[in-house]
Every structure is written in C-alpha cells, then in structure tokens.
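# Examination of the molecular architecture
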Amino acid sequence: MKFEVTVLGSSSATPIYTRHPTAQVLNIRERFFLIDCGEGTQLQMMRYKIKMQRISHIFISHLHGDHYLGLMGLISTMHLQGRTSELHLYGQQELMDIIELQLRLSNTILRYNLIFHPVRHYVSTLILEDEDLQVKSIVLNHRIPCTGFLFREKAKPRKLLMNKMQQYNIPFNFFNRIKNGENYEDDNGNIIMNEELTMPSLPPRSYAFCSDTIYDESIINDVRAVDMLYHESTFSHDMLDRARATFHTTSLQAAELAKKAEVKKLIIGHFSARYKNLSPLLMEARTVFPNTELALEGLKYAVE
Ligand SMILES: [Zn+2]
Ligand SMILES: [Zn+2]
C-alpha cells in the first residue's frame, strides 16, 4: 500500500529555472493530501497526472505567498469542474479570511462544502485523526507564524495465520482477541502462544514536512525517528548569515537536524533563486547526513 510524496514545487519565493513554489501531494493508501499550494500548483498537478478532485485535505504552512497563492485558483477550479465532495482545509485563521473575502467579492457560492480547521501556530497539536492516520502540526520558527505537518499511520493489529486457526480449531469469535495479542488456550488447557498464531503487520510509516524555518533544535522532538523528513534548505552554508536574517536554513543545518533527530531519510527543498545547479546543496548535506535527496519536481519519494 502506497505512502509516497510527489513534489510539485521546490523553489523558494519566486518561480525560476522551471522550478515552482512549494507544493507536495502525499498519497497515503490512495488518499490524497496536498501540502502547501504555491502559484502554479494546478498546472503542476495536470503535468504530473494528479487528479485534483481526489484531494480531500489541504494543509497550508503559512501565509507567505510562495506557499498559498495557488490555493484560490485551485478552490475555484474544483468548484467550476463540479466538485461535490467536501474539502478539508487546515491553516491559520487568516487564511480563511482571505478565501472568504475573495469568494464574497466574486459572488461565488461553492458547490462543495469547504471545511476549515484553524491551526494554532504556537503549539504542536493533533489536527486530524481517523482509524488509519494521525496528523500533527509542528511549531516552526519563521518570520511569520508557520507550522509543519507530521503524518503518521496508526499501528495495525497483528495478522492471523489462517492455517494455524484451522490446525488448532480456533473458533471465529476468538480471532479479534488473538489479533490483539492474546494467547489461545485449547479445550485440553494447552496454551498456544500468540507468536505462533500471528505475524506482525507492517510497521506504521511517518512523514514530516518542515516548511520555512530557521534552524531550530526544538523541532527535533516532533520529528524524531520519522521515516522521511522534508526540511527546507534555502541556502548553502556559506550563506549562513543570510539564512539567519531571513529565518531560513542551510543545507548543512537541515542535515544536522536530520542526524540529531535520527530520521531515516531527508529530502531538502525550497531552493533559493541563486542556485541554478543544486548539486552543491546536496553534496553539502550528504557530508553530514548521507541519505539525503533533493526535492525534484515530478519525482515521487516513497516513505518506507
Ligand atoms: Zn517560502
Ligand atoms: Zn516563508
């Protein structure tokens, strides 16, 4: 079952060198989540064959234009194409103020239900939970309020070995208890251990998206040991002063954070317009954290 990220935008601030501002689509078992929605996101979805009407949830990190200026266009196109299924939107309260203003001034009444969930920027919170998944906000440290998002699958119960159920004549009404870890006692009082009757299901997978932020070790606790971390890496380390002044991170710092948080894999993105060639950023990060990749548009990154 898929758990993968498609990068639609990897540029900071402005579109340049065919790079677009930030947007990513997360496919978790054929459920589609959009994270940030920079200008051009609709066109990028068409280019990379992402079906926009299948997106059920949108998460916006902050209100710098390179992270949300594509959102009004997307909401509008969903409406014009006849969407009826509800759309959940997560972001700071002011995001909804902007959307409501635009809808009101264009006299648009959406055909679908747009359900807004305000996200507080100063405290990590559980913002979405269902039977399969948890999403938490991550407090970031940027020039304006900004949050990241942590997506984590829920642990599944152990899988029954059906041949063992037959071998020991285990009645159907015991199955759930055995899935949840109990041993089985047969009519003669013999105990059959759970490990013999079941196998572990796949471990839950996790992905953390850290949008714009200065290097801040208080993020480490929130992203510790995730399978894949996306962290912005706007500059190379020779631009550290500029990174600090603009509340951004260097690729070396992103790698240090990934190492300290003991994540499995790091994706760096949000590249400054000053870099046409991105390989120096990648090389720099890999000196500290070898399992680093560049966020390249159109590529899919499996979380495993
Ligand atoms: Zn940005
Ligand atoms: Zn920003």
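Presented here is a report on the structure given in the accompanying data block. Values in this document were obtained by computation on a predicted structure and should not be read as measured data.

Distances from the zinc ion (ligand 2) to its protein donors, namely H62 (NE2), H64 (ND1), H142 (NE2) and D212 (OD), fall within the range 2.1 to 2.3 Å. Each of the four donor atoms bound to the zinc ion (ligand 2) contributes to angles spanning 91 to 165°, and the resulting shape is irregular. All donor residues of the zinc ion (ligand 2) come from one chain, and their arrangement in sequence is H-x1-H-x77-H-x69-D. In this structure, the zinc ion (ligand 2) lies 3.5 Å from the zinc ion (ligand 1), and both are coordinated by D212. Separated by 150 residues along the polypeptide, H62 in the loop between β4 (55–59) and α2 (71–80) and D212 in the loop between β14 (206–210) and α7 (220–223) bring together distant segments of the chain.

In this structure, D66 (OD), H67 (NE2), D212 (OD) and H270 (NE2) serve as the protein donors to the zinc ion (ligand 1), at separations of 2.1 to 2.2 Å. Considered as a linear motif, the donors of the zinc ion (ligand 1) on their single chain read D-H-x144-D-x57-H.

What follows concerns the nonpolar core. Formed by 33 residues in total, the largest nonpolar core has its most connected members in I138, V223, L229, L266 and I268. Secondary-structure elements contributing two or more residues to this core are β14, α7, α9 (251–260), β16 (265–269) and α10 (279–288). Considering each element in turn, this core owes the most residues, five residues, to α9. The contact partners of I138, leaving out residues within four places of it in the chain, are S124, C146, T147, G148, F149, L150, A208, F209, C210, I219, D222 and V223.

Looking now at the pairing of strand β6 (residues 114–118). Pairing geometry for strand β5 (residues 87–91) and β6, over five bridges, is parallel. By the bridge assignment, Y90 is partnered in β6 with H117. The parallel pair β5 and β6, bridged by helix α3 (residues 93–105), forms a crossover whose chirality is right-handed.

Time to look at unusual backbone geometry. Even without being a glycine, A13 presents a positive backbone phi close to 55°. Structurally, A13 can be placed in the loop between β1 (3–9) and β2 (23–28).

Before going further, it helps to spend a moment on the packing of α9 against α10. For any two helices packed against each other, one specifies the crossing angle of their axes together with the interaxial distance. At a minimum axis distance of 8 Å, the contact between α9 and α10 shows a crossing angle of 30°. Between α9 and α10, the angle falls in the class roughly parallel. When you trace α9 past α10, the crossing you get is right-handed. Of the residues in α10, those touching α9 at S251, L252, A255, E256 and K259 are L281, E284, A285, T287 and V288. Taken together, the residues of the contact of α9 with α10 sort by class into five nonpolar, two polar and three charged.

Let us now look at the sheet that holds β14. Ordered in space as β7-β8-β9-β14-β15-β16-β17, the seven strands form an open sheet in which the pairing is mixed. Looking along the sheet, the strands with just one partner apiece sit at the ends: β7 (126–129) and β17 (292–294). Direction aside, the axes of adjacent strands within the sheet are offset by 15° on average. Most of the contacts of α10 go to β17, to which it runs at about 165°, and overall it touches β16 and β17.

Within the secondary structure, M199 is located in strand β13 (residues 198–199). Residue M199 is classed as partly exposed on the basis of its relative accessible area, which comes to 39%. Residues M199 and M239 lie 40 residues apart in sequence; the distance between their C-alpha atoms is 51 Å.

This part is about the pattern of salt bridges. Scanning all chains against the criterion turns up ten salt bridges. Here R205 and E153 are joined by a salt bridge, their closest N and O atoms 2.8 Å apart. With R205 in the loop between β13 and β14 and E153 in strand β9 (residues 147–153), this pair connects stretches of sequence that are 52 residues apart. Both residues of the pair, R205 and E153, count as buried. Via salt bridges that share partners, R29, E153 and R205 belong to a single interconnected network.

Moving on, we come to the packing of aromatic side chains. Taken as a whole, this structure holds eight aromatic pairs when the rule is applied. Summarising the aromatic geometry, the rings of F59 and F151 are spaced 5.3 Å apart at their centres and angled 85° between planes, so their arrangement reads as edge-to-face. With F59 in strand β4 and F151 in strand β9, this pair connects stretches of sequence that are 92 residues apart. Looking at F59, the relative accessible area reads 0%, which means it is buried. Following the ring pairs from residue to residue traces out a cluster consisting of F33, F59, Y90, F149 and F151.

Thresholds applied
Residues numbered from 1 in each chain as written. Chains lettered and ligands numbered in written order. Predicted model: local features only at pLDDT ≥ 70, side-chain atom pairs only at ≥ 80, totals over all residues. Heavy atoms only, no water. Donors = N, O, S within 2.8 Å, 3.2 Å for Na, K, Ca; no water. Tetrahedral: all angles 85-135°; square planar, octahedral: opposite > 155°, others 65-115°. Helix = DSSP H or I, 4+ residues; strand = E, 2+ residues; numbered from the N terminus. Core = buried A, V, L, I, M, F, W, Y, C linked by side-chain atoms within 4.5 Å. Buried < 20%, exposed > 50% of the residue type's maximum accessible area, 1.4 Å probe, protein only. Contact = heavy atoms within 4.5 Å. Pairing = 2+ DSSP bridges. Right-handed = clockwise from strand over helix to strand, strands pointing away. Axes fitted to C-alpha atoms, helices over the stretch in contact; angles between N-to-C directions. Parallel < 35°, antiparallel > 145°, perpendicular 65-115°, else oblique. Left-handed = near helix turned anticlockwise from the far one by under 90°. Nonpolar A, V, L, I, M, F, W, Y, C, P; charged D, E, K, R; others polar. Salt bridge = Lys/Arg side-chain N within 4 Å of Asp/Glu carboxyl O. Phe/Tyr/Trp six-rings, centres within 6.5 Å; stacked < 30°, edge-to-face > 60°.

No statement about biological role is implied by the geometric values presented.
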